[in-house]
Amino acid sequence: MAQRVRVLPLPRQQSFYPPTVRNPFVHPRRLSAGDKLRTVLLGIILLPLRAACIAFVLMLAWVFAAIATFRHPGKGSVPLKGWRRRMIQTALSCLTRTMFFVMGFRVKVKGKIASALEAPIFVAAPHSSFFDAIVSALTGMPSMVSRAENLSVPLFGTILSSLQPVSVSRQDPDSRKNTVTEITKRAVSGGQWPQILIFPEGTCTNRSCLITFKQGAFIPRVPVQPVLLRYPNRLDTVTWTWQGYSFKELCLMTLCQPFTRVEVEFLPVHVPTEEEKNDPILFANRVRQTMATALNVPVTDHTFEDCRLMISAGQLTLPMEAGLVEFTKISKKLNLKWNHVREQLDTFAAIASASKGGRIGIEEFAEYLKLPISDVLKELFLLFDRNGDGTIDFREYVIGLSILCNPANTEETIQMAFKLFDMDDDGTISEDECACIIQSALGVPELDVSKLFKEIDADETGQLSYDEFKDFALKHPEYAKLFTTYLELQRYQLRMAEEGDIQSPEAKHTPVRKSTVPGSETPPTARNKVHPEGSEEDNSSTSDKKDD
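Just so we're clear, the structure is a prediction, and the values are computed from it rather than from any experiment.

Chemist: Before we move on, can you summarise the nonpolar core with the specific residues and values?
Modeler: Grouped together as the largest cluster of nonpolar side chains are 59 residues, with contacts concentrated most on L318, F365, F384, F394, Y397 and I438. Counting 36 residues, the second largest nonpolar core, distinct from the first, contains A68, L95, F199 and V264.

Below, the structure is given as structure tokens:
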């Protein structure tokens with residue numbers, strides 16, 4: 001009778017699918033030879049003239065800012081009022097517009113700007129450049145969130161202080177909490193403080209999507225006005241990302257262009273519902289979706305932490321895109337911290353170092369586990385390979401460890417595996433015992449397991465204690481899933497043998513041992529196991545990990 005092929009159903013949650021935008025944090029250099037020549041020729045005339053005008057405007061702005069803040073009590077803790085505030089709103093706003101005009105910016109404004117009582121907070125996106133500050137000039141110079149160190153910068157520090165920014169201090173461990181408290185205090189002041197301009201993405205992107213919005217602008221539970229930014233230019237000299245043109249290069253190229261178009265659109269004020277007031281994440285996501293729809297771009301769950309992982313991937317000689325995992329989604333669904341994911345990136349880089357493109361193939365996977373390619377290993381690899389392209393990227397690796405390996409790597413599983421390997425029940429595992437079980441499990445009688453055994457044998461005694469076995473298992477959770485996959489394969493083949501379709505090849509090689517679970521004749525069913533087609537699945541849990 002023909003052998004029945006085991007088909008593994010691999011349900012995949014839609015929420016774990018990779019984003020449509022591969023990397024929103026890079027901007028390729030695309031200046032042609034003609035663009036470079038034109039930039040140089042125009043720059044000979046435009047650059048010195050514009051630089052001189054900008055310096056003059058900045059000096060005037062500094063004078064007005066110094067006057068407005070002269071002998072003002074409170075130093076940022078008390079709002080500017082009366083003539084001081086009017087001077088900032090009129091003089092500095094006019095000078096800022098003049099400066100952008102001198103730099104060659106042609107601004108097109110759409111929509112109506114809300115008053116402080118209508119919307120205490122502006123949320124602007126996509127944030128792609130330091131030139132996005134043009135929104136400040138259009139909205140009457142609102143306050144912004146800024147690092148405390150910026151206030152001490154000559155010239156710019158005085159101008160920034162006049163805007164009464166919400167200061168963030170890196171030295172203060174409660175800085176994030178204090179920032180949110182200050183934003184809330186100002187937002188509910190009833191117009192006593194200036195409006196607040198916030199870029200909720202928290203970092204610059206290439207405008208290909210809207211990444212995760214930080215909650216700071218939405219915790220105060222007040223209406224916000226979404227502000228859209230577009231730069232419809234043939235030559236993009238404004239996009240400032242983590243990989244691309246530097247700050248100085250963008251400034252020089254922009255000042256050497258005849259003009260630079262920018263569109264600023266003010267959408268209707270978003271008044272939060274009671275549900276949104278009680279859930280700032282929901283509030284932020286709905287505002288983001290409204291803005292994404294107006295911009296006709298997708299939304300992704302990337303965040304600043306993805307930038308940090310991307311940079312770390314580059315330092316580990318991986319493609320920078322390898323570090324992008326949509327940290328917001330992964331951390332929330334799998335309960336992962338950034339430091340833990342960063343450690344997993346080191347392990348992934350060590351495995352993928354021999355491959356091209358920063359992805360793990362079946363050969364690298366087998367080499368890392370110090371095991372040959374076998375049916376059991378292929379099944380484990382298939383579980384990691386979520387999109388079925390024959391490779392494992394870092395995102396798939398993180399999800400696989402969290403959903404497949406770590407849940408299987410329990411004390412019960414480790415004890416079960418140790419008893420299975422300890423064939424003479426003397427409390428230790430010899431190299432022969434280790435080889436016998438692994439050779440039988442993988443169906444490779446001549447397999448040399450000496451390298452793997454030496455790696456587990458930390459004290460080099462030639463015998464593995466339970467503590468050594470457990471320590472290795474906890475550091476390498478892939479083996480736990482490999483072990484439970486083997487047990488499930490054996491269980492499946494025994495069932496097929498009982499049905500008379502096939503005879504389990506494992507029965508010819510695997511040593512006959514009593515079950516590790518009292519009263520059971522068959523190997524125990526592993527947690528988080530792979531189910532054969534037609535078997536009943538445990539639907540008792542509806543968590544993301546179980547459903548996946």
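The structure having been displayed, the exposition proceeds.
Chemist: Got a sec to walk through the pairing of strand β2 (residues 121–125)? Specific residues and values, please.
Modeler: Burial runs high along β2: five of the five residues are buried. Across three bridges, β2 lies against strand β5 (residues 196–198) in parallel orientation. Across the sheet, residue I121 finds its bridge partner in β5, namely I196. Pairing of β2 with strand β6 (residues 224–230) involves five bridges; the strand directions are parallel. The residue bridging A124 from the neighbouring strand is V227, located in β6.

Chemist: Go over helix α1 (residues 33–69), please, and point to the residues and values.
Modeler: What sets the pattern is the α-helix's 3.6 residues per turn: residues three or four places apart point alike. A maximum bend of about 50° is found in α1 at G43. Buried residues along α1 sit in contact with α2 (82–102), α4 (156–162) and α6 (247–255). Just past α1, the residue R71 takes up positive phi, approximately 55°.

Chemist: Give a detailed account of the UniProt feature "transmembrane region" (unreviewed entry) in the protein chain, specifying residues and quantitative values.
Modeler: Those places that UniProt annotates as "transmembrane region" (unreviewed entry) correspond, in this numbering, to residues 39–67. Within the segment residues 39–67, helix and strand shares are 100% and 0% respectively, and the terminal C-alpha atoms sit 39 Å apart.

Chemist: Which residues make up the pairing of strand β3 (residues 143–147), and what values go with them?
Modeler: Direction of pairing for β3 relative to β5: parallel, over a ladder of two bridges. Note that in β5 the partner of S143 across the bridge is I196. Relative to strand β4 (residues 166–168), β3 runs parallel, the two sharing three bridges. Looking at β4, one finds that R147 is bridged to V168. A crossover links β3 with its parallel partner β4, the connecting element being α4, and its sense is right-handed.

Chemist: Talk me through a nonpolar patch on the surface; I want residue IDs and the actual numbers.
Modeler: A surface patch of nonpolar side chains, about 630 Å² in accessible area, is lined by L37, V40, L41, I44, I45 and L49. Within the fold, L49 resides in helix α1. For L49, a relative accessible area of 54% corresponds to the exposed category.

Rules behind the numbers
- Residues numbered from 1 in each chain as written.
- Predicted model: local features only at pLDDT ≥ 70, side-chain atom pairs only at ≥ 80, totals over all residues.
- Heavy atoms only, no water.
- Core = buried A, V, L, I, M, F, W, Y, C linked by side-chain atoms within 4.5 Å.
- Buried < 20%, exposed > 50% of the residue type's maximum accessible area, 1.4 Å probe, protein only.
- Helix = DSSP H or I, 4+ residues; strand = E, 2+ residues; numbered from the N terminus.
- Pairing = 2+ DSSP bridges.
- Bend = angle between axes of the 7 residues up to and from the residue.
- Contact = heavy atoms within 4.5 Å.
- UniProt positions renumbered as here; feature names shortened; annotations may be inferred.
- Right-handed = clockwise from strand over helix to strand, strands pointing away.
- Patch = residues over 30% accessible without salt bridge, like charges linked within 9 Å, V, L, I, M, F, W, Y side chains within 5 Å.
- Areas by Shrake-Rupley, 256 points an atom, 1.4 Å probe, with all protein chains shown as cover.
- Salt bridge = Lys/Arg side-chain N within 4 Å of Asp/Glu carboxyl O.

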